[in-house]
Amino acid sequence: MDTKLDEVGTPTLRGDRAANHECYRQVRSNVTQLLTQARPVDDPVVPACPEWTLRGLVTHLVGVAAMAIGRMSGWPSVQPSSSADMDIPELLAAWERLGKEADLLLADAGGRRGSILVMDAFTHELDIRYAIGAELPHSHPAFASAFEVLANGFAAAVSDNDLPALCLSTGSTQWTVGHGEPSATVVASRYDLYRSLAGRRSHAQITELEWTRDSHRWLPAFTWGPFTPPAAPVEPVAGRLRLC
């Protein structure tokens, strides 16, 4: 498997990226602000994760934080109390308490340890933004680390499916995934590439991106790990949304 950054462009995609504990802290801050300001009266289903409502998604974030702390510390982290009866503000408070512990462990570990934790949290921040109609951030410290996790997973799927190498491009920044010289290039906004790799874009939406060759050969690789493209679109393409 080969995944490399061929050209450095916008600041959010540079190699001098933010540390993972800083990324994770920013995601928690953003999600808390989004849900505190939105104050949804009901508990809507999250379109990108239809098995969860907003409350269910935040419960997931709390559970993942506790599990990550256990893995990084070698000791299971005991949650303050059962999340079964917590409302969203209480869950956010519990996530912040656990998050501070995770931040310390991530900072001590250094390097790229915790990148999967960052990717999961950042992906769900975007899920929440789409669910409540909030704008996508123009830049985000977690993007580079999270995208690298997705690009590596997608690269493995390209190789596992015996597909030719593919170039992912935002126009100013390119990644080559797979072995050898890329046989095709797909160009899209950074969020459309990200959401496509994270199982948030349907095959039809992926096909509508700017491809230099027919996309169908590579579509099987977009199903990998925990990610499967939805049968029908669950959100509009980011290129048609206004970024804040």
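What counts, and where the lines are drawn
- Residues numbered from 1 in each chain as written.
- Predicted model: local features only at pLDDT ≥ 70, side-chain atom pairs only at ≥ 80, totals over all residues.
- Heavy atoms only, no water.
- Helix = DSSP H or I, 4+ residues; strand = E, 2+ residues; numbered from the N terminus.
- Buried < 20%, exposed > 50% of the residue type's maximum accessible area, 1.4 Å probe, protein only.
- Contact = heavy atoms within 4.5 Å.
- Phe/Tyr/Trp six-rings, centres within 6.5 Å; stacked < 30°, edge-to-face > 60°.
- Core = buried A, V, L, I, M, F, W, Y, C linked by side-chain atoms within 4.5 Å.
- Pairing = 2+ DSSP bridges.
- Axes fitted to C-alpha atoms, helices over the stretch in contact; angles between N-to-C directions.
- Parallel < 35°, antiparallel > 145°, perpendicular 65-115°, else oblique.
- Left-handed = near helix turned anticlockwise from the far one by under 90°.
- Nonpolar A, V, L, I, M, F, W, Y, C, P; charged D, E, K, R; others polar.

Engineer: Explanation requested: the overall build of the chain in the structure shown.
Structural biologist: Broken down by element type, the chain carries seven helices and seven strands. Starting at the N terminus, the α and β elements of the chain follow one another as β-α-β-β-α-α-α-α-β-β-β-α-α-β. For the chain, the proportion of its 244 residues judged to be buried stands at 49%. Counted over contacts in the chain with a minimum sequence separation of 6, partners at least 24 positions apart contribute 72%.

Engineer: Help me understand the packing of aromatic side chains in this model?
Structural biologist: The geometry of two aromatic rings is summed up by the distance between their centres and the angle between their planes. Inspection of the entire model under this criterion finds eleven aromatic pairs. Ring centres of F143 and Y194 lie 5.6 Å apart, and the angle between their planes is 40°; on these two criteria the pair is classed as tilted. Of this pair, F143 sits in helix α5 (residues 143-160) while Y194 sits in helix α6 (residues 190-197), placing them 51 residues apart in sequence. Overall, the relative accessible area of 0% leaves Y194 in the buried class. With 4.3 Å between their ring centres and 35° between their planes, F147 and W175 make a pair best called tilted.

Engineer: Help me out: how do you make sense of the nonpolar core in this one?
Structural biologist: Core analysis: the biggest nonpolar cluster contains 71 residues, and W95, F154, L168 and Y194 have the highest contact counts within it. Apart from residues lying up to four places away in sequence, F154 is in contact with L166, L168, V177, L197, A221, F222 and W224.

Engineer: Which parts of the structure should I look at to understand the pairing of strand β5 (residues 174-177)?
Structural biologist: For a regular strand, the rule is simple: side chains alternate between the two faces of the sheet. Alternating positions in β5 separate into two faces, Q174 and T176 on one and W175 and V177 on the other, with burial throughout. Examined bridge by bridge, strand β4 (residues 166-169) and β5 share four bridges and lie antiparallel to one another. By the bridge assignment for β5, L168 is matched with W175. As consecutive antiparallel partners, β4 and β5 are separated by four residues, and within that stretch G171 has a phi angle of approximately 105°, a positive value.

Engineer: How should the environment of S183 be read in this particular structure?
Structural biologist: Checked against the element boundaries, S183 lands in the loop between β5 and β6 (184-187). Each C-alpha atom of the pair S183 and L166 lies 6.0 Å from the other, and the pair is 17 residues apart in sequence. Non-local contacts of S183, meaning those with residues more than four positions away in its chain, are made with P164, A165, R213 and W218.

Engineer: Would you mind going over the pairing of β4 with me for this structure?
Structural biologist: Across the two faces of β4 the burial is the same, with L166 and L168 and C167 and S169 all buried. With four bridges joining them, β4 and β6 adopt parallel strand pairing. Looking at the pairing, L166 lines up with A184 of β6.

Engineer: I'm lost on the packing of helix α2 (residues 54-73) against helix α3 (residues 88-109) in this one. Help?
Structural biologist: Angle between the axes and distance between the axes: these two values describe a pair of packed helices. At a minimum axis distance of 9 Å, the contact between α2 and α3 shows a crossing angle of 25°. As the angle between them shows, α2 and α3 are arranged roughly parallel. Where α2 crosses over α3, the two elements pack in a sense that is left-handed. Where α2 abuts α3, its residues L54, R55, V58, T59, L61, V62, A65, A66, I69, M72 and S73 lie against I88, L91, L92, W95, L98, E101, A102, L105 and L106. The residue makeup of the contact of α2 with α3, split by class, is 16 nonpolar, two polar and two charged.

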